[in-house]
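Now for the letters of each chain:
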Amino acid sequence: MPVKETLLVEGATPPDLMRSRLILEPQVAAEAAQHADKSDVIKLRSKVAGGRAARDRSECEQADDAFHRAIAETSRNPVLVGFLIYLSGARRRVVWQREWDRTYRRIAPNEFQTIHSDQHSKIVDAIEAGDPAAALRAMEAHLKSIEVMILDSRPHQRRE
C-alpha cells in the first residue's frame, strides 16, 4: 500500500471506518443480489457456516472478512472488491482491533456469533432472492448493529 494511503488508514478512527462501510457495503450487497448465481449463494452460505463455527475472536474476524469479501466478489465488480479489500486492511489496524477487542469482551462470543451469523444469513437470503433493496437493507442493519456494539463498548468520556 502506498505511503499516502497507509497514512489515511492509520489516521482513521473506528467511527470513520464504520461510516465508510455503511456507505459502501450496503450498495455492494445490492449489486451482489443482481449478479448472484447458485454457486455464489452456496459459497456465501459456506461463509456464514464458517462464522457460526468460529471458536475465538480471531476466527470470527477471519470468517467475517471472508464473508464480506465473498459478497464483493459476487458483485462481479473488481473496483468494489478492491474497496472492500482496502477497508478490510483498515480493520486489521491497531485502533480498530482495540475497539473490536473491547466489543468482543463485552458480549458473550456465542451470542456475538449467533447474532452476527443470523444477520449474515438474512443478507444471503436477500441476495439469493435477487432482491437488491432487501440486500441493501439487511447489510445496512447488520453494519449498524456492529456500530452500536462498538459505541456501547467504548469507555464513556467525561463531559466538561
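Residues numbered from 1 in each chain as written. Predicted model: local features only at pLDDT ≥ 70, side-chain atom pairs only at ≥ 80, totals over all residues. Heavy atoms only, no water.

Visitor: Outline the pattern of salt bridges, supporting the account with residue identities and numerical values.
Guide: Opposite charge on two side chains lets them pair, provided their charged atoms get close. Evaluated as defined, the whole model comprises eight salt bridges. The salt bridge involving Asp40 is made with Arg76; its shortest N-O contact spans 2.6 Å. Separated by 36 residues along the polypeptide, Asp40 in helix H3 (residues 38–53) and Arg76 in the loop between helix H4 (57–74) and helix H5 (78–91) bring together distant segments of the chain. Since its relative accessible area comes to 10%, Asp40 is described here as buried. Classification of Arg76 as partly exposed rests on a relative accessible area of 44%. Put simply, Glu128 and Arg45 hold a salt bridge, and the shortest N to O gap is 2.7 Å. With Glu128 in helix H7 (residues 109–128) and Arg45 in helix H3, this pair connects stretches of sequence that are 83 residues apart. Classification of Glu128 by relative accessible area gives partly exposed; the value is 48%. Looking at Arg45, the relative accessible area reads 31%, which means it is partly exposed. One salt-bridge network, in which partners are shared between bridges, spans Asp37, Asp40 and Arg76. (Salt bridge = Lys/Arg side-chain N within 4 Å of Asp/Glu carboxyl O. Helix = DSSP H or I, 4+ residues; strand = E, 2+ residues; numbered from the N terminus. Buried < 20%, exposed > 50% of the residue type's maximum accessible area, 1.4 Å probe, protein only.)

Visitor: Can you lay out the packing of H4 against H5 for me, pointing to particular residues and giving the numbers?
Guide: Where H4 meets H5, the closest approach of the two axes is 8 Å, and the angle between their N-to-C directions is 165°. Judged on the interaxial angle alone, H5 and H4 are roughly antiparallel. Judged by the twist between their axes, the crossing of H4 over H5 is right-handed. Of the residues in H5, those in contact with Glu61, Asp64, Asp65, His68, Arg69, Ala72 and Glu73 of H4 are Leu80, Val81, Leu84, Ile85, Ser88 and Arg91. (Axes fitted to C-alpha atoms, helices over the stretch in contact; angles between N-to-C directions. Parallel < 35°, antiparallel > 145°, perpendicular 65-115°, else oblique. Left-handed = near helix turned anticlockwise from the far one by under 90°. Contact = heavy atoms within 4.5 Å.)

Visitor: Please provide a residue-by-residue account of the environment of Ile23, values included.
Guide: Of note, Ile23 is situated in helix H2 (residues 14–35). Of the residues examined, Ile23 reaches a relative accessible area of 55% and is grouped as exposed. Taking the C-alpha atoms as reference, Ile23 lies 8.7 Å from Glu140; in sequence the two are 117 residues apart.

Visitor: Let's hear about the side chain of Ser121: which residues, and what values?
Guide: Here Ser121 shows up in helix H7. By relative accessible area, which is 17% here, Ser121 ends up buried. Once you skip the residues sitting within four places of it in the chain, Ser121 turns out to touch Arg45, Val48 and Arg52.

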